[in-house]
Amino acid sequence: MIQSLKILHIEDVQSDAELVERTLKKSGIAFEKRIVDGKEEYIKALEEFNPDVILSDHSLPAFDSLDALRILKQTGRTIPFILITATVSEEFAVSVMKEGASDYVLKDRLQRLPNAVLNAVGKYRSDNERQVYLDKIFASEELFTKAELLAEFGTWRIDLATDTTNWSAGTYKLFGYRQGEVEPSYENFLKNVHPDDVVEVARNFKNAFDNFQSTEVECRIVNEDGSIRYLHTQFEFELDEKGDPAHIIGFNQDVTRSKLAKIEIQKNIEELKAARDRQTIILNAMPPNVVLLNESGEIVAVNESWRKFTLANNLNVPGDGIGFSYLAIVERATSVDASAVKRFEKGIREVIAGTRNEFSMEYSYYSQNKEVWFQLIIVPLRDKAQKGAVVLHIDITDRKISELERDRMTADLVQHNTDLEKFAYIISHNLRAPVANIIGASSILNNIELSSADKEKLNRGINTSVMRLDEVINDLNQILQIKGGIDEIKETVLFSELVEHIKISIRNLIDKDNIEIKYDFSEANELFALKPYLYSIFFNLISNSVKYRRQEVHSTIEIQSRLQKNKIELVFSDNGMGIDLKKYGDQIFGLYKRFHSNIEGKGMGLFMVKTQVEMLGGKISVKSEENKGTEFKIEFKI
Amino acid sequence: MSTELKYIIVDDDPFNNTICRMIIEDALGEVEIEEFTKPEEGLLFIQENIKGPSILFLDINMPTLTGWEFLEQYEKFSEEVKMHVSIYILSSSLDWRDKDKANANKYVKGFISKPLEFETVISIAKGEFQA
């Protein structure tokens with residue numbers, strides 16, 4: 001729908017006004033018209049009627065067209081002003097046009113008026129629209145500059161035909177200049193590039209310009225104040241219609257923030273890596289096996305000792321067992337005692353579940369025929385990242401061996417002390433008994449009237465007691481000689497030679513009862529030792545076997561040597577009377593201990609044997625069964 | 001059946017037993033005295049023959065059966081036997097542990113250090129002996 005034009009007509013002559021109206025109506029223009037002839041009326045109409053165009057007669061009684069034009073300008077309205085006049089000089093018309101009138105139409109040529117109105121209105125409309133458009137452009141350019149500066153980007157452009165370069169406001173700033181400070185040029189750009197980057201940047205640009213190739217370049221820009229920014233510039237070539245490069249369009253972006261953040265991140269990553277490497281080095285340098293478990297008991301990390309441990313024990317876990325259930329691996333360690341494994345599993349479960357703060361136990365197993373000891377420590381792992389447990393196995397074999405050695409030595413010392421006490425007890429008893437007899441007997445002799453037979457009895461008794469005293473003192477001397485005699489010279493003693501000597505010395509006994517003495521020293525026939533001691537040991541054991549033989553069987557005595565890894569074993573066995581070890585086990589090597597009242601003996605033999613074996617650094621043990629026989633085993637370390 | 005106190009001596013040393021017999025006879029005159037050098041025989045005698053009050057002098061150090069082992073066997077005897085026997089350890093031992101052990105045994109009346117003396121026999125017979 002065509003809106004009707006609002007026409008304000010300044011005219012004081014009624015007929016002229018009607019003529020104009022008719023002319024316009026005739027041309028078919030839709031309009032609405034108001035006629036004013038005074039200044040006040042004109043101003044009011046401008047406000048109220050809001051015309052699209054003003055037609056003005058030149059001279060009116062109250063004011064003229066120039067006044068009307070000035071008033072219109074004062075209101076700021078941009079609408080066409082057309083002068084309609086009867087006769088007018090060229091000069092006047094020009095001056096009105098200069099003042100801003102759009103056109104002028106002579107009254108006798110009114111037929112031109114409709115076109116003049118339409119043209120003027122059309123022109124003003126498009127002018128107005130263009131102005132709005134231009135305003136918008138100006139506004140968006142300002143916005144763009146603001147955006148450039150805020151977002152730290154910029155553009156540049158080189159026109160290759162004219163060799164002119166343009167930098168946007170953002171580009172000036174990014175290249176380290178104030179806007180318009182220098183001529184925008186490649187040389188001025190290079191001036192502010194960091195000296196370390198210049199060569200690389202120039203090379204990249206040259207390469208791009210030579211080949212008309214779009215390129216991205218990153219470099220550092222040194223600002224006037226010495227601060228450094230990171231610049232990313234990216235440019236491409238625009239071709240003309242012939243396909244030749246016409247422009248280069250560049251886009252700059254300040255990447256300082258992301259670059260610094262990247263550098264910071266990289267630095268953090270490197271620091272973390274260094275810290276982790278240090279921890280790994282420490283972990284790997286630690287002798288204990290270290291295994292980290294997650295909440296479900298799976299291995300998360302291990303150290304070098306653990307790797308070696310799994311290899312040494314053929315645990316056969318791929319990839320160091322990471323990701324495997326630790327308990328499953330533990331169950332594979334069959335060399336470890338099953339009950340230890342159970343305690344172990346319970347400990348891990350409890351620590352991971354948090355029902356136990358720490359678990360520790362010691363265990364041992366045989367690795368390559370050697371008993372090795374470990375201390376197991378399980379502590380909970382509770383950091384932000386994960387829950388689980390740290391399992392440590394510490395090799396305590398050396399400590400354990402010295403502990404066992406110490407225990408053994410302590411036991412030996414206690415045993416030795418007990419032996420000494422028993423020895424002192426027995427000696428005192430055996431000295432005291434005859435002395436008591438002598439005191440008793442002499443007191444009777446002194447105080448009681450006795451028959452000569454009784455007197456004789458007592459005298460004999462006193463004599464026997466004195467002999468016994470002497471005997472005990474001799475025994476004591478003998479024992480003390482053994483104990484003190486270890487400094488004598490050692491020599492290589494042949495076992496077979498010893499046995500043959502003894503056989504000769506007790507030939508009468510052997511022959512009388514047809515006792516058989518067999519020996520087998522094929523494995524070991526000699527020992528570097530004190531010969532008198534070894535002789536005494538062999539003599540006592542063989543003569544004991546002879547003494548306590550069973551009359552009803554053919555008596556045989558067998559002596560055998562066995563060579564073990566680091567020791568020689570000598571086994572003396574017979575088929576004699578034997579002894580009830582349940583009853584006498586702890587006394588068999590005791591001084592003056594006798595177990596057979598019908599056979600002579602004073603209980604010195606086995607005591608001497610044991611003492612001498614121990615003086616030679618050996619051990620003696622016994623197995624026996626009544627009416628079957630006895631077996632003594634002596635071990636000497638070599 | 002004699003209601004006289006019976007004396008039993010168990011010691012592997014026969015000379016000790018001779019001395020004891022002479023001392024007891026000197027102190028108490030004619031009394032019944034049994035000597036055993038094998039403790040097993042002494043035990044058997046007590047078990048089979050003791051029907052009245054008797055006094056036992058028991059040695060500790062004997063080869064086949066010590067005085068302590070003797071007491072372990074004795075413990076198994078019937079109360080009828082045990083009620084009659086007053087046991088005294090007669091030992092040459094000077095070790096305080098033996099004395100303590102003897103005093104701790106409920107069947108032992110006292111510990112006597114060898115040799116047995118005239119006064120000791122009198123006080124035991126009168127029931128006045130104090131360990």
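Look up a bit, the structure's there.
Remember, predicted model here, so these are calculated numbers, not experimental data.

**Quick notes on the pattern of salt bridges**
All names here are of chain A.
Working step 1: As enumerated under the stated definition, the model contains 46 salt bridges over all chains in all.
Working step 2: A salt bridge links R408 to E405; its shortest N-O distance comes to 3.2 Å. On the criterion of helical spacing, the pair formed by R408 and E405 is a turn pair, its members being three residues apart in helix α13 (residues 397–447).
Working step 3: Taking the relative accessible area as the measure of exposure, R408 reaches 36% and is therefore partly exposed.
Working step 4: Here E405 falls in the partly exposed class, since its relative accessible area comes to 36%.

**What about the packing of helix α17 (residues 531–547) of chain A against helix α19 (residues 605–615) of chain A?**
Residues and elements named next belong to chain A.
Working step 1: At a minimum axis distance of 9 Å, the contact between α17 and α19 shows a crossing angle of 145°. Every pair of crossing elements has a handedness; the one defined by α17 and α19 is left-handed. Judged by residue contacts, Y533, S536, I537, N540, L541 and N544 of α17 engage G605, L606, M608, V609, Q612, V613 and M615 from α19.
Working step 2: Among the residues forming the contact of α17 with α19, the class breakdown is eight nonpolar, five polar and no charged.

**What about the interface of chain B and chain A?**
When the parts of a complex come together, some accessible area is lost, and that lost area is often taken as the interface size.
Working step 1: Each side of the interface is counted separately: chain B has 23 residues, and chain A has 25 residues.
Working step 2: Roughly 2,100 Å² is buried in total at the junction of chain B and chain A, and carbon and sulfur atoms are behind 61% of that figure.
Working step 3: Across the contact surface, chain B and chain A share two salt bridges.
Working step 4: Between B:R97 and A:E421 there is a salt bridge, and its shortest N-O distance comes to 3.4 Å.
Working step 5: At the junction of chain B with chain A, the criterion picks out five residue pairs in polar contact (both at pLDDT 80 or more).
Working step 6: In the side of chain B that touches chain A, the residues fall into eight nonpolar, seven polar and eight charged.

**Examining the sheet that holds strand β2 (residues 31–36) of chain A**
All names here are of chain A.
Working step 1: With parallel pairing, five strands are arranged side by side in an open sheet as β2-β1-β3-β4-β5. Each edge of the sheet is formed by a strand with only one pairing partner; in this case those strands are β2 and β5 (103–106). For this sheet, the mean angle separating the axes of adjacent strands, direction not counted, is 20°.
Working step 2: Looking at chain direction, strand β4 (residues 81–85) and β5 are connected through four bridges and run parallel. In the sheet register, L83 faces β5, and the bridge partner there is Y104.
Working step 3: Where helix α4 (residues 90–99) meets the sheet, it contacts β4 and β5, and its direction lies at approximately 145° from that of β5.
Working step 4: Strands in contact with helix α5 (residues 113–151) are β1 (5–10), β3 (53–57), β4 and β5; relative to β4, the strand with the most contacts, it is inclined by about 160°.

**Some details on the sheet that holds strand β10 (residues 245–254) of chain A**
Residues and elements named next belong to chain A.
Working step 1: Reading across the sheet, the five strands line up as β7-β6-β10-β9-β8 and stay open at both edges, with antiparallel pairing between neighbours. Each having just a single partner strand, β7 (164–167) and β8 (215–222) make up the two edges of the open sheet. Strand after strand, the sheet turns through a mean of 20° between neighbouring axes, direction not considered.
Working step 2: In the sheet, strand β6 (residues 153–159) pairs with β7 via four bridges, with the strands oriented antiparallel. Bridge pairing in β7 places R157 opposite N166.
Working step 3: The sheet contacts of helix α8 (residues 195–211) involve β6, β8, β9 (228–239) and β10, and relative to β8 the element is tilted by about 155°.

**Comments concerning the nonpolar core**
Working step 1: Membership of the largest hydrophobic core comes to 76 residues, with the highest contact counts inside it found for A:L534, A:F538 and B:I46.
Working step 2: The leading source of residues in this core is α17(A), at seven residues.
Working step 3: Leave out the neighbours within four places in its chain, and B:I46 touches B:I8, B:L56, B:F70, B:Y74, B:F77, B:V81 and B:V85.
Working step 4: Judged by nonpolar contacts, the second largest core, of 29 residues, contains A:V291, A:L315, A:V317 and A:Y365.

**As for the side chain of A:N575**
Working step 1: Residue position: A:N575 is located in the loop between β20 (567–574) and α18 (581–584).
Working step 2: Here the side chain of A:N575 touches A:H554 through a polar contact of 2.9 Å, landing on its backbone oxygen.

**What about the environment of A:P195?**
Working step 1: For A:P195, the position within the fold is in helix α8.
Working step 2: Each C-alpha atom of the pair A:P195 and A:V222 lies 8.9 Å from the other, and the pair is 27 residues apart in sequence.

**Some points on the environment of A:S65**
Working step 1: By the element assignment, A:S65 lies in helix α3 (residues 65–75).
Working step 2: Beyond its immediate chain neighbours, meaning those up to four positions away, A:S65 contacts A:S56, A:D57, A:H58, A:F81, A:L83 and A:F92.

So, how was this worked out
- Residues numbered from 1 in each chain as written.
- Chains lettered and ligands numbered in written order.
- Predicted model: local features only at pLDDT ≥ 70, side-chain atom pairs only at ≥ 80, totals over all residues.
- Heavy atoms only, no water.
- Salt bridge = Lys/Arg side-chain N within 4 Å of Asp/Glu carboxyl O.
- Helix = DSSP H or I, 4+ residues; strand = E, 2+ residues; numbered from the N terminus.
- Buried < 20%, exposed > 50% of the residue type's maximum accessible area, 1.4 Å probe, protein only.
- Axes fitted to C-alpha atoms, helices over the stretch in contact; angles between N-to-C directions.
- Left-handed = near helix turned anticlockwise from the far one by under 90°.
- Contact = heavy atoms within 4.5 Å.
- Nonpolar A, V, L, I, M, F, W, Y, C, P; charged D, E, K, R; others polar.
- Buried area = accessible area lost by both parts, 1.4 Å probe.
- Polar contact = N/O pair within 3.5 Å; in protein donor to acceptor, adjacent residues only side chain to side chain.
- Pairing = 2+ DSSP bridges.
- Core = buried A, V, L, I, M, F, W, Y, C linked by side-chain atoms within 4.5 Å.

So yeah, pure geometry; function would need other evidence.
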